[in-house]
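Architecture and fold: a report
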Protein chains: 4
Amino acid sequence: MRTESAPLQSPAPLDLIPPQVRAAQDYETLATDFIEPARLAYVAGGAGHDQTASANRSAFSAWSMLPRVLRDVTAGHTRLSLANENLAHPILLAPVAHQRLVHARAEIETARAAEATQSCMVASTLSSVALEDIARAAGPHKWFQLYFQPQRADTLGLVRRAEQAGFGALVVTLDATLQAPSLRALRAGFRMPPECVAANLRDASRPPELPALQPGDSRIFQGLMRGAPTLQDLEWLLAQTTLPVWIKGVLHAGDAAVLATSGACGLIVSNHGGRTLDGAPSSLQMLPAIRAAVPSRFPLLFDGGVRSGADAFKAIALGADAVMVGRLQVYALSVAGALGVAHMIKLMREELEASMAFAGCATLEEVRADCLTPACMT
Amino acid sequence: MRTESAPLQSPAPLDLIPPQVRAAQDYETLATDFIEPARLAYVAGGAGHDQTASANRSAFSAWSMLPRVLRDVTAGHTRLSLANENLAHPILLAPVAHQRLVHARAEIETARAAEATQSCMVASTLSSVALEDIARAAGPHKWFQLYFQPQRADTLGLVRRAEQAGFGALVVTLDATLQAPSLRALRAGFRMPPECVAANLRDASRPPELPALQPGDSRIFQGLMRGAPTLQDLEWLLAQTTLPVWIKGVLHAGDAAVLATSGACGLIVSNHGGRTLDGAPSSLQMLPAIRAAVPSRFPLLFDGGVRSGADAFKAIALGADAVMVGRLQVYALSVAGALGVAHMIKLMREELEASMAFAGCATLEEVRADCLTPACMT
Amino acid sequence: MRTESAPLQSPAPLDLIPPQVRAAQDYETLATDFIEPARLAYVAGGAGHDQTASANRSAFSAWSMLPRVLRDVTAGHTRLSLANENLAHPILLAPVAHQRLVHARAEIETARAAEATQSCMVASTLSSVALEDIARAAGPHKWFQLYFQPQRADTLGLVRRAEQAGFGALVVTLDATLQAPSLRALRAGFRMPPECVAANLRDASRPPELPALQPGDSRIFQGLMRGAPTLQDLEWLLAQTTLPVWIKGVLHAGDAAVLATSGACGLIVSNHGGRTLDGAPSSLQMLPAIRAAVPSRFPLLFDGGVRSGADAFKAIALGADAVMVGRLQVYALSVAGALGVAHMIKLMREELEASMAFAGCATLEEVRADCLTPACMT
Amino acid sequence: MRTESAPLQSPAPLDLIPPQVRAAQDYETLATDFIEPARLAYVAGGAGHDQTASANRSAFSAWSMLPRVLRDVTAGHTRLSLANENLAHPILLAPVAHQRLVHARAEIETARAAEATQSCMVASTLSSVALEDIARAAGPHKWFQLYFQPQRADTLGLVRRAEQAGFGALVVTLDATLQAPSLRALRAGFRMPPECVAANLRDASRPPELPALQPGDSRIFQGLMRGAPTLQDLEWLLAQTTLPVWIKGVLHAGDAAVLATSGACGLIVSNHGGRTLDGAPSSLQMLPAIRAAVPSRFPLLFDGGVRSGADAFKAIALGADAVMVGRLQVYALSVAGALGVAHMIKLMREELEASMAFAGCATLEEVRADCLTPACMT
């Protein structure tokens, strides 16, 4: 059993588009040659036995897309507005922490790909490079993902830095208080390597001394869950900034209904890529009920298992305005840096356009539930 | 990885009926010995990950056939009328492009098999031999499949040639604007070999100069989809010819309802063998809804995954008037040329007759939905 | 590929109960050591791709049995009356042709096992030994299975011999006009060996000259199906004998409803072990609808996939009065002759009794649909 | 084939917590190194073909857990009251017979783990060490599982000894009259080794001479089932003791409804770990109907397939007040004795707490059916 991850075992990223990549998803296969095994286990794994991570993928197989004939889509496009931002296409780069795990220049490469492809990138609180550097490399569309910090001053510090750096929105993550590498990553001997530090948090204050657990206290309830964000935290945040705030990590229609009136600009349907509660349903399974629980034009993003433009099409048809791509972003980054990420997005966008064209949809508004039919499982 | 298809590696087709073939579907297995691997990957593959091509096959497993007892079927037959053509049986040879990929004499052999078995053959616009030659070899029942050409004059040229050559109907394909070999074929290194030219299109005019894509234009929407057939194209075509016109590539009940009043003589329920939109439902899954959406006697053909007379029985029970056989035609052609194709049809027809006899159906009219029951999936 | 079955390759049957057999179904595994491969392929296979033969087995997995507590079953028994015959238990030996394929003394051994276990045996028209010899070896409960012969005189001859020999009922098979070995048996090179002759038919008259097929005639409809039994044949038969007549091979509720008023003493729900129409549903799937279609006390036997007492319990719970065991009978015969068959029945009966005891059923009447619950398929 | 179990082949249990165990369920995998194969086959197997044992596990996959956001669970706990006993958590050690099969000190180790983790342990009638010794080692929460003995005096003797030893409740098992090792254990050559004697029964009177079976009697109905507990037995027991009495082995809602009014303090939904009727449904499948059939606050325990805190969460959400852990207890015992069992419980409890925290449940009362959603099976 490996006891430490060995960053030097993988070949350097390519500086060209790999010719064998023909579909966006091909980066997933190819990445196995570019990411050291323990790190790959960490990236690819979810939590526990990867049940939810697997469900995220297989959920897409439950739906087929219905082709139409004789529809004129020559004026077609993939443009959309999200929180007053006009985007060329609905494929966003999800916030992914610690990108130095797979590429030395980490989020800088991702940001360059975002700019090159007119994509909206969401920088993580736990990025390997400072948010200001990411902002400089990224194009006009960039948001900042925020984890609440133990001290509000530190949280506020991140918000101000994000505003200053020009991020156009905040994405506050609510679903990741408890998190651990998957059993698969643990068995592969994964440990976060020393070069992967959270660059944004270098200057954070020391966390306050928490009262020690008392006999009979639970390490979960009275321990870790003390750090969970509360409604008060959310309200406080919304009062601190004029940036639009997205809420990430909603999987329950009841939560969605309440949060839609919280002042947030939109919700991100997500189970954190299956990295938190192993045994949670797939994001796609919960999407229709969440769409039905919020006002009809209320912005919803989707995150969880997207590997192709067809997947994006299905999520949009089931109620998402746009989708976020996490793991595939990392895979493409590992293979060919900015070039890889940009190529992956270009392929996925064309795959989405092809799905729309087949389905006779000239715009994303036309991508609706009646474009799908439940797949016949045999 | 192979980088080119090597046509000479396969043994020559047999000049006898292979004794190990006992069911029509056996030609599928046997063909692996007669078709060079990259070409086989191209023929067998659908689009993308072959999801729809697989679904076409597995959809048949969702239905069981109900045997009856004490029914007198000694006057039974498989005759039917389609677009004023009286056919001996409902198994048609689907239009398949580039048959030289698997046999040097290509469609000539297929046509001879059609004549020998009283089958209706549909010649493809993209046939390896000229439509006039096919027409001469085929029997009385032959239709011509038409792809709209970039220039209407070329389309009209094909129509006139087909009329002249004696084809009894046109089959216009609407669902194949976007198409690419499957990932499987790409990985096998498939390229269309030089001997596979579209013989019918040798004299076509050069396609008109299309305006170049503008910045921001989509290669899909503003590029490839410019070539998609429109309702105007269809209406124009119907006005040019007195031949009956079948519309091929319908998978949506809404489209079917509209097209049933378009002047076409019938529709062909098809997803192009899974070669266009990977992720489309199986043809069989959509067939009942399409049958319900068109007038009760409106002619419907079925295409997608038929490998046996039992498959044909199920498609007819679910609403088709007749079925088309694509890949199995190619497999039989590769194995034993005209003899193979004729033998395959003979077997499939007997399998259909046996299914009818078991189900107590003396005629195709008696093959209805109540002859089937949903299979219990365990 | 084998071209002929080689009867001498298998070890002689044991003359003791094999110690490794702990459940009736174990004979199925063990038989692979005692039956020559091509013959085994013939016995084990159904028709075509064995879809229906497989479905017969898997259908039992769709149901679970519900255990009860505190039920007094110490007066429990498995007795039942069928067509005025009082049986000790509801496990019948199905008619199986050509038993010499697996044991030199063939049906004589089976008959001895029937007597030893107080089982009702159904001798096949196509038995390897004469019906009179079977009758002498069998116990008091014996029925004769009748295939209509090309000439009514021959059919009548069989009926009279069966009456004479003391068979207590006739089982007329209606579902096997078309039949062929499975592809699996064909591929294994199975041919009926010369020692397997239909002993009962040695003296049958030569079949009448049938008019040859005309051009355009179908080998199925105008050929083989001429031999299919008609309602007139059935009525004729019922008029010829005072023996109770069971009708075997019913799978459709509509047929069952009609036949229940035909004068037959009962029906046998069966798809001929999947040996006729490959693609027919499992017998178990159709059983509840057939039970509902006939009068509530009308006798129904069940045949198809029974390998254990639990299977018998499920079939009885879903509406059968008793079950017939086909393949497992042959397997046990091949392993240890009469001893094997008797042991198999003894085990199956005890398995049935254990299922009844768990379910709190003291008699077969108490074995009803509410003893089962649909299995949760995950 | 092994013909005898060889107790000395397995390594001695560890005296430390194995570092590779990260989830409670990991003890299942690790145990394969610590339990001799034939014994492992006996422990792991159910009855027959292990259908029910497998169903117990797979049933949990039919449900997903719904995470919530912004719920305050910092006052969370897992406390509950059961039959007037206040427990720190709802994970009980199920009664497991013959623990010497996997550890020389057997139930003494288990009892020590129960005390260390404030768990309620249920000692088996068939324990390898005397109930008095178990009672001394266990903590304050201990119940005694009772099998009715052939002689009431012996049953009463066990009750009195249990009362004397300080057990706080009785658990009377009703579902295990018929039991045999699984085919898997039989094939592995398992036999109960001589060191595994039922310590509590050493002094039991000789069973009374039962009248021999008469010809025609059934070994099941007139034999084994004579020993099955009756309603009179239960009523008699309830009259003999003032201890609370749990009834174990209920799987049918109708039985549950009746037994809820019998005077028992609660029911244990169980199929005996799949060790009795192979083909019975999973415990989890039947739990909701049983919950619905008894008064809303009537205590229900759950037993069958629990391997993780998430499993416990699901069973509680579907109506159980607490869960019992059987096989995993044995696995942990085999690996590291008391330390292993205590570690397993600690992990499972934290897993349960984490599931509750994710689902926003601060107490077990909040763990209800709306915390789950049917898993999308693809």
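What you see is a predicted model, and the numbers here were worked out from it, not measured in a lab. All residue numbers refer to position in the chain's written sequence, counted from 1. Numbering of ligands from 1 and lettering of chains from A proceed in the order in which they are written. With pLDDT at 70 or above as the cut-off, local features in this predicted model cover only qualifying residues; side-chain atom pairs require 80 or more to be listed or tallied, and sums for whole chains, interfaces and linings still use all residues. Calculated side-chain values reflect all of the structure's heavy atoms, with hydrogen atoms and water omitted.

**Some thoughts on the overall build of chain A**
Summing up its helical and strand segments, chain A has 13 helices and twelve strands in all. The classification of residues rests on relative accessible area computed with a 1.4 Å probe and restricted to protein chains. Under 20% of the type maximum is buried, over 50% is exposed, and intermediate values are partly exposed. A total of 378 residues make up chain A; the buried ones form 64% of that total. The criterion used for residue contact is that any of the two residues' heavy atoms lie within 4.5 Å. Nonlocal contacts in chain A, meaning residues at least 24 apart in sequence, comprise 74% of its contacts between residues at least 6 apart. Accessibility throughout is a Shrake-Rupley quantity obtained with a 1.4 Å probe, and a residue counts as covered only by protein chains that appear here. Total accessible area on chain A stands at roughly 14000 Å², and carbon and sulfur atoms take up 53% of it. Under this rule, positive means Lys or Arg and negative means Asp or Glu; His and the chain ends count for nothing. By convention, the charge on Lys lies at NZ, on Arg at CZ, on Asp at CG and on Glu at CD. When the 32 positive and 34 negative side-chain charges of chain A are each reduced to one mean point, those points stand 1 Å apart. The helix and strand labels rest on DSSP assignments: H or I over at least four residues marks a helix, E over at least two residues marks a strand, and numbering proceeds from the N terminus.

**Quick look at the relation of the copies chain B and chain A**
Least-squares fitting of chain B to chain A yields an RMSD of 0.0 Å, with the transformation described by 0.0 Å of translation along the axis and a rotation of 90 degrees. What the superposition gives is, in effect, a four-fold axis relating one chain to the other. The copies were overlaid with a least-squares fit restricted to C-alpha atoms from residues scoring a pLDDT of at least 70 in each copy.

**A look at the interface of chain B and chain A**
With 36 residues of chain B at the interface, the matching set in chain A holds 32 residues. Two parts placed together each lose some accessible area under a 1.4 Å probe, and adding up what both lose gives the buried area. Here chain B meets chain A over a buried area of about 2900 Å², counting both sides, of which 65% is carbon and sulfur. Between Lys or Arg on one side and Asp or Glu on the other, a salt bridge is scored when a side-chain nitrogen of the former is within 4 Å of a carboxyl oxygen of the latter. Here chain B and chain A share three salt bridges between them. For Arg219(B), the salt bridge identified is with Glu350(A), shortest N-O distance 2.6 Å. Any N or O atom pair separated by 3.5 Å or less is treated as a polar contact, with the protein-specific requirement of one donor-capable and one acceptor-capable atom, and with residues adjacent in sequence counted only for side-chain atom pairs. On the surface where chain B and chain A come into contact, there are eleven residue pairs in polar contact (both at pLDDT 80 or more). Residue type decides the class: Asp, Glu, Lys and Arg count as charged, Ala, Val, Leu, Ile, Met, Phe, Trp, Tyr, Cys and Pro as nonpolar, and the leftover types, Gly among them, as polar. Here the side of chain B that touches chain A is composed, by residue class, of 18 nonpolar, twelve polar and six charged.

**Regarding the interface of chain D and chain A**
Counting from both sides, the interface comprises 32 residues of chain D and, opposite them, 37 residues of chain A. At the boundary of chain D with chain A, total buried surface from both sides reaches about 3000 Å², with 65% on carbon and sulfur atoms. Counting the surface chain D buries against chain A, the share from its top three residues, Val69(D), Leu70(D) and Phe358(D), is 24%. For the pair chain D and chain A, the number of links is three salt bridges. In this structure, the connection of chain D to chain A is made through eleven residue pairs in polar contact (both at pLDDT 80 or more).

**Some details on helix α4 (residues 107–116) of chain D**
Taken residue by residue, α4(D) has Glu107(D), Glu109(D), Thr110(D), Ala111(D), Ala113(D) and Ala114(D) as its buried positions. At the C-terminal side of α4(D), Gln118(D) shows a positive phi close to 55 degrees.

**What about a nonpolar patch on the surface?**
Residues Leu16(A), Ile17(A) and Leu339(A) make up a contiguous nonpolar surface patch of roughly 240 Å² in combined accessible area. Examined against the element boundaries, Leu16(A) turns out to sit in the segment before α1 (26–30). Residues enter a patch when their relative accessible area is above 30% and they make no salt bridge; the linking distance is 9 Å between like charges and 5 Å between nonpolar side chains (Val, Leu, Ile, Met, Phe, Trp, Tyr).

**Brief notes about the pattern of salt bridges**
Throughout the structure, instances matching the rule amount to 62 salt bridges over all chains. A salt bridge links Glu109(B) to Arg105(B); the shortest N-O distance between them is 2.7 Å. Residue Arg307(D) pairs with Glu28(D) through a salt bridge whose shortest N-O separation is 3.2 Å. Separated by 279 residues along the polypeptide, Arg307(D) in the loop between β10 (300–303) and α12 (309–317) and Glu28(D) in helix α1 (residues 26–30) bring together distant segments of the chain. Residues joined in a network through salt bridges with shared partners are Arg105(A), Glu109(A) and Arg112(A).

**A look at the packing of aromatic side chains**
Geometry of aromatic contacts follows a simple scheme: Phe, Tyr and Trp rings, the Trp one being its six-membered ring, pair when their centres are within 6.5 Å, and the pair is stacked under 30 degrees between planes, edge-to-face over 60, tilted otherwise. Scanning all chains against the criterion turns up 16 aromatic pairs over all chains. For the ring pair Tyr42(D) and Phe190(D), a centre distance of 4.2 Å and an interplane angle of 10 degrees mean the geometry is stacked. Placement of Tyr42(D) in helix α2 (residues 37–44) and of Phe190(D) in the loop between α7 (183–187) and α8 (219–223) is noted, with a sequence separation of 148 residues between them. No difference in accessibility class separates Tyr42(D) from Phe190(D), as the two residues are buried. Think of it as a cone above the ring: NZ of Lys or CZ of Arg counts as a charge over the ring if it is within 6 Å of the ring centre and within 35 degrees of the ring normal. In this arrangement the basic side chain of Arg275(B) is found over the ring face of Tyr42(B), its NZ or CZ atom lying 4.8 Å from the centre.

**Considering the pairing of strand β10 (residues 300–303) of chain C**
Residue and element names in this part refer to chain C. The alternating pattern of β10 places Leu-300 and Phe-302 on one face and Leu-301 and Asp-303 on the opposite face, and all of these are buried. The sheet contact formed by strand β9 (residues 266–269) and β10 spans three bridges and is parallel. Bridging across to β10, Leu-267 finds its partner in Leu-300. At least two DSSP bridges between two strands are required for those strands to pair. As paired strands, β10 and strand β11 (residues 322–325) are joined by three bridges and run parallel to one another. Bridging from a neighbouring strand, Phe-302 pairs with Val-323 of β11. For crossovers, right-handed means that the path from the first strand over the helix to the second runs clockwise, given strands pointing away from the viewer. Once the chain exits β10 it traverses helix α12 (residues 309–317) before rejoining the sheet at β11, and the crossover so formed is right-handed.

**Brief notes about the confidence of the model for chain A**
Interpreting fine coordinate detail is not advised for predicted regions of low pLDDT. Model confidence for chain A is summarised by a mean pLDDT of 94, while 97% of its residues fall at 70 or above. Low confidence marks residues 1–8 of chain A, where pLDDT is under 50. Its contacts with residues over four positions away, or in another chain, come to 18 contacts. Known as pLDDT, the predictor's per-residue confidence is scaled from 0 to 100.

**Considering the state of the cysteines**
Two cysteine sulfur atoms form a disulfide, by the criterion used here, when they sit within 2.5 Å. Tallying each qualifying case throughout the model produces zero disulfides over all chains. Left without a disulfide partner, Cys371(D) is nearest to the cysteine sulfur of Cys361(D), which lies 3.7 Å away.

**Digging into the environment of Gln151(C)**
Residues and elements named next belong to chain C. Considering the arrangement of structural elements, one finds Gln-151 in the loop between β6 (142–146) and α6 (152–165). Considering only alpha carbons, one finds Gln-151 and Arg-206, 55 residues apart in sequence, at a separation of 8.6 Å. Residue contacts for Gln-151: discarding those within four places in its chain leaves Ser-205, Arg-206, Pro-207 and Pro-208.

**As for the packing of α12(C) against helix α13 (residues 327–359) of chain C**
All names here are of chain C. Between α12 and α13, the least distance of the axes is 7 Å, while the angle of their chain directions is 55 degrees. When the axis of α12 is compared with that of α13, the two are oblique. Pair α12 / α13 crosses with right-handed handedness. Across from Gly-309, Ala-310, Ala-312 and Phe-313 in α12, the residues of α13 making contact are Met-348, Glu-351, Leu-352, Ser-355, Met-356 and Ala-359. Here, axes are lines fitted to C-alpha atoms. For helices the fit covers the stretch in contact, and angles between N-to-C directions go from 0 to 180 degrees. Should an angle fall under 35 degrees it is called roughly parallel, over 145 degrees roughly antiparallel, and 65 to 115 degrees roughly perpendicular, with every other angle called oblique. Should the near helix be turned anticlockwise from the far one by less than a right angle, the crossing is left-handed, and should it be turned clockwise, the crossing is right-handed.

**Re helix α3 (residues 51–58) of chain A**
Along an α-helix, a turn takes 3.6 residues, which lines up residues three or four apart on a common side. Residues and elements named next belong to chain A. Burial in α3 covers these residues: Thr-52, Ala-53 and Asn-56. Buried residues of α3, viewed axially, fall in a sector of 105 degrees; they line one side. Check the buried side of α3 and you find it contacts α11 (283–293) and α13 (327–359). Working definition: the arc comes from the directions between the helix axis and the C-beta atoms, pointing outward to the latter.

**Considering unusual backbone geometry**
Positive phi, close to 50 degrees, is recorded for Ala106(B), a residue that is not glycine. When you line up the elements, Ala106(B) lands in the loop between β4 (91–93) and α4 (107–116). In this structure, Ala83(D) takes a positive phi of about 50 degrees despite not being glycine. Within the secondary structure layout, Ala83(D) lies in the loop between β2 (80–82) and β3 (85–87).

**Describing the side chain of Asp255(A)**
In this fold, Asp255(A) is placed in helix α10 (residues 253–259). We classify Asp255(A) as buried; its relative accessible area is 7%.

**A few points about the pairing of strand β6 (residues 142–146) of chain B**
Looking along a regular strand, one sees side chains alternate from face to face of the sheet. All names here are of chain B. Of all five residues making up β6, five are buried, and the element is well covered by its neighbours. The alternating pattern of β6 places Lys-142, Phe-144 and Leu-146 and Trp-143 and Gln-145 on opposite faces, both of which are buried. As judged from the three bridges shared by strand β5 (residues 121–123) and β6, these two strands associate in the parallel manner. The residue bridging Val-122 from the neighbouring strand is Trp-143, located in β6. In this structure, β6 lies alongside strand β7 (residues 170–173), joined through three bridges in parallel fashion. In the strand pairing of β7, Gln-145 is matched with Val-171. Crossover β6 to β7 through helix α6 (residues 152–165) is right-handed.

**Quick notes on the side chain of Asp154(C)**
Residue and element names in this part refer to chain C. For Asp-154, the location among the structural elements is in helix α6. Of the buried charged residues, Asp-154 lacks a salt bridge, with Arg-161 as the closest side chain of opposite charge at 8.6 Å. Among residues more than four places away in sequence, those in contact with Asp-154 are Gln-149, Ala-204 and Ser-205.

**Topic: the arrangement of the chains**
Nothing in chain A touches chain C; the tightest C-alpha to C-alpha distance between them is still 13 Å. There is a gap between chain B and chain D: no contact, and a shortest C-alpha distance of 13 Å.

**A look at the packing of α4(B) against helix α13 (residues 327–358) of chain B**
Residue and element names in this part refer to chain B. At a minimum axis distance of 8 Å, the contact between α4 and α13 shows a crossing angle of 55 degrees. Regarding the angle of α4 to α13, the classification is oblique. Note that α4 runs across α13; the crossing there is left-handed. Contacts between α4 and α13 involve Glu-109, Thr-110, Arg-112 and Ala-113 on the former and, on the latter, Gln-329, Leu-333, Gly-337, Ala-338, Val-341 and Ala-342. Partitioned by chemical class, the residues of the contact of α4 with α13 number five nonpolar, three polar and two charged.

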